[in-house]
Amino acid sequence: MSSPDLTDAEREAVINVLHTPSLSMGPQIQAFEQAVCHYTGAKHAIGVNAGTSGLHLCIRAAGVGPGDLVITTPFSFVASTNVILFEQAIPVFVDVDPLTGNIDPDQVRAAAEDLARGGNHARKWLPRSGVDGQPPRLRAILPVDVFGQPVDMDPIRDVARTHGLKIIEDSCEAIGGRYKDTPAGTLGDFGVFAFYPNKQMTTGEGGVIVTNHDEAADFMRALRNQGRSPGDTWLQHTHLGYNYRLDEMSAALGCVQISRLDEMLARREQVAEWYRDRLDEIPGVQTPYISPHTTRMSWFVYVVRFEEGIERDAVSQALKARGIPNRPYFIPIHLQPYMVERFGYREGDFPVTEDLGRRGLALPFSGVMPEEHVEQVCRALQEVLNRES
Ligand SMILES: *Cc1c(COP(=O)(O)O)cnc(C)c1O
């Protein structure tokens, strides 16, 4: 489905670390964090061992605790919701924009207003089960930059200001993306990027948090390192923390990757263009929509949508039979078994999310994909569609 873009520079950087005794908490993580600050313009960057860990620390820093509510999207990778559940808080799902797949700012506003009014107004935004007792309190909004396209943040920031909410931007799919010329990840109070090997750049496993809040940055640095605050010794722990550290080999890999990021994003853009030009000739296939607010798309995956009447799953199987890997994207979070069991969600609860989930298919995509492969995939898709109809 995807492939990391690695050169000898990355290999050398990792090997060089292995010629030193510093395999964790050394100079590489500092250099990497500095590079992330430089790239995004954020004041602080905190390297962590996964995007999920980063989001979890943001939830803690935003003061989200047991019973608190966080408005978020069901059209995402599960981690964006799971980190809310890690703290016994409750995700309040609102549906998404049918074009971008990003959280719908009008619904965010409506949900925040109704939750503030309480009673029956609030109840209609809450899950059927799994929320008991006292009126819960809305704390934060956690939007996701889906498939590398930044969320429409201006109206969401407005809601956050009105209701005193923190914004955690899940930019795990969007490093290098830009919204009205502002970097993805810096649009809210906290932003997180992820570096699993299928992302635009990789550290193997890894992630990074960006923020301009000094105190929160110190707090998250402490939590990442077993709760040790500045001044604590190795066995003193001011907070309940975690081991969410990014090791030196990963950070060294990240330093080279981020120095090549713009070049790698440009290649992904080129591959996306090949796809679009070729797929526009195939009836029934919709290529990704790019909002006019997106001043730079950071291509993460290439997800097409099939028009009504085309059986996505049959197409998926037929492509696989021809040796073309592909994947439905996403299975809605509210319909994952553990969410249904805990909150009583049903099919029909978030119709736009479900519709996108039913019609979307991710095609093989990476920055190292040659044009012939794009052509192969498109030819196979065309044949399959001709046969299906
Ligand atoms: C990849 C991803 C994450 C989590 O990243 P990991 O590094 O795998 O923990 C979180 N949210 C979204 C939307 C992602 O795509």
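Everything here concerns the structure above.
Now for a quick tour of the structure. (Residues numbered from 1 in each chain as written. Predicted model: local features only at pLDDT ≥ 70, side-chain atom pairs only at ≥ 80, totals over all residues. Heavy atoms only, no water.)

Spatially, the 7 strands line up as an open sheet ordered β1-β9-β8-β5-β4-β2-β3, and their pairing is mixed. What marks the edges here is a single partner per strand, and that holds for β1 (44-48) and β3 (90-93). On average, each strand axis in the sheet is inclined to that of its neighbour by 25°, with strand direction left out of account. Bridging between strand β8 (residues 190-194) and strand β9 (residues 207-211) involves 5 bridges; their strand directions are antiparallel. Directly across from Gly191, in β9, lies its bridge partner Val210. Each of β2 (69-72), β3 and β4 (138-142) is contacted by helix α5 (residues 105-117), which is oriented at about 160° to β2, the strand it contacts most. Against the sheet, helix α7 (residues 153-163) contacts β4 and β5 (166-170), and its axis sits at roughly 150° relative to β5. (Pairing = 2+ DSSP bridges. Helix = DSSP H or I, 4+ residues; strand = E, 2+ residues; numbered from the N terminus. Axes fitted to C-alpha atoms, helices over the stretch in contact; angles between N-to-C directions. Contact = heavy atoms within 4.5 Å.)

Time to look at helix α3 (residues 51-61). Along α3, 10 of the 11 residues are buried, which leaves the element largely enclosed by surrounding structure. Here α3 has its buried residues at Gly51, Ser53, Gly54, Leu55, His56, Leu57, Cys58, Ile59, Arg60 and Ala61. (Buried < 20%, exposed > 50% of the residue type's maximum accessible area, 1.4 Å probe, protein only.)

Moving on, we come to α7. Those residues of α7 that sit buried are Met153, Ile156, Val159 and Ala160. Along the axis of α7, the buried residues cluster in a sector spanning 120°; they form a single face. Structural note: α7 exposes Arg161 and Thr162 on the side pointing more than 90 degrees away from its buried face. A positive phi of about 65° marks Gly164, the residue just after α7. (Arc of directions from axis to C-beta.)

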